[in-house]
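# Tertiary structure, described
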Amino acid sequence: MGKATIVDYEKIDGFRRGNGVLTRLLIGSENAEETIFTSGTTVFPAGCSAPMHAHNCCEQVTVLEGEAEVVVDGESRRVGRLDTSFIPANLPHRFINIGKGDLVILWIYGAREVTRTFTETGETVAHLSRTDQV
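### Looking at the overall build of the chain
What the chain contains, in helices and strands, is zero helices and 12 strands. The order of helices and strands in the chain, counted from the N terminus, is β-β-β-β-β-β-β-β-β-β-β-β. Computed over C-alpha atoms, the radius of gyration of the chain comes to 14 Å, within 12% of the 14 Å expected from 2.2 N^0.38 for 134 residues, which places it in the range of a compact globule. Considering the chain as a whole, with its 134 residues, one finds that 42% of them fall into the buried category. At a minimum sequence separation of 6, the contacts of the chain that also span at least 24 residues come to 64%.

### Some thoughts on the pattern of salt bridges
Within the structure shown, the criterion is met by four salt bridges. Arg 17 is the salt-bridge partner of Asp 132, the closest N and O atoms lying 3.2 Å from each other. One end of the pair, Asp 132, is in the segment after strand 12 (124-126); the other, Arg 17, is in the loop between strand 1 (15-16) and strand 2 (22-27), with 115 residues separating them in the sequence. Each member of the pair, Asp 132 as well as Arg 17, carries the same accessibility label: buried. Across the pair Glu 67 and Arg 78 runs a salt bridge, and its minimum N-O distance is 2.7 Å. Here Glu 67, found in the loop between strand 5 (59-65) and strand 6 (68-72), pairs with Arg 78, found in strand 7 (residues 75-79); they are 11 residues apart in sequence, far enough to count as distant. Note on Arg 78: relative accessible area 54%, which makes it exposed.

### Remarks on the sheet that holds strand 8 (residues 84-87)
Overall, antiparallel pairing links the six strands, which are arranged 1-2-3-10-5-8 in an open sheet. Because the sheet does not close on itself, it has two edges, and the strands there are strand 1 and strand 8. By the bridge criterion, six bridges tie strand 5 to strand 10 (residues 103-109) in an arrangement that is antiparallel. Directly across from Val 63, in strand 10, lies its bridge partner Ile 105.

### Quick word on the layout of surface pockets
Space inside the largest pocket adds up to approximately 200 Å³. Lining the largest pocket we find Val 70, Val 72, Glu 75, Ser 76, Arg 77, Val 79, Thr 84, Ser 85, Phe 86, Ile 87, Pro 88 and Leu 91. Residue assignment for the lining of the largest pocket shows that the elements contributing at least two residues are strand 6, strand 7 and strand 8. Tallied by class, residues from the lining of the largest pocket come to seven nonpolar, three polar and two charged.

### With respect to the packing of aromatic side chains
Per the stated rule, a full pass over the model turns up one aromatic pair. Taking 5.0 Å as the distance between ring centres and 40° as the angle between the ring planes, the aromatic pair formed by Trp 107 and Tyr 109 counts as tilted. The same class applies to Trp 107 and to Tyr 109, which are both buried.

Calculation notes
Residues numbered from 1 in each chain as written. Predicted model: local features only at pLDDT ≥ 70, side-chain atom pairs only at ≥ 80, totals over all residues. Heavy atoms only, no water. Helix = DSSP H or I, 4+ residues; strand = E, 2+ residues; numbered from the N terminus. Rg over C-alpha atoms; globule rule 2.2 N^0.38 Å. Buried < 20%, exposed > 50% of the residue type's maximum accessible area, 1.4 Å probe, protein only. Contact = heavy atoms within 4.5 Å. Salt bridge = Lys/Arg side-chain N within 4 Å of Asp/Glu carboxyl O. Pairing = 2+ DSSP bridges. 1 Å grid on protein atoms, 1.4 Å probe; cavity = no way out; pocket = protein on both sides within 12 Å on 5 of 7 lines; lining within 4 Å. Points joined across faces, edges and corners; volume = space filled by probe spheres on them. Nonpolar A, V, L, I, M, F, W, Y, C, P; charged D, E, K, R; others polar. Phe/Tyr/Trp six-rings, centres within 6.5 Å; stacked < 30°, edge-to-face > 60°.

Following this line, the structure appears as structure tokens:
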């Protein structure tokens, strides 16, 4: 029988990714030994976004607060609170905060070990490593 993990969101040390973007890891291999996925939240201030990138695994993103433009597979679409996307592995995408306040997203990756490959440079970095910046 496995061990449960309960996370107190307010006690999570956030990972600062530049431009005021803050990411919090909810569940990952660091705190849930038996997990088969990685999840967390990211807060983007107004006007901020991540650069175009792809992951080594599939990703689900749900907008918790705010409005975004999601760009994926050459198409753009406006999304808002509780709208959810599924992005297959290796498909370049990005979320842009187009609202006046913060954009808060919940992301779930279908892997324990996640990488991000930046479209513009081709550089691949470990998720939430010091080089995983916006």
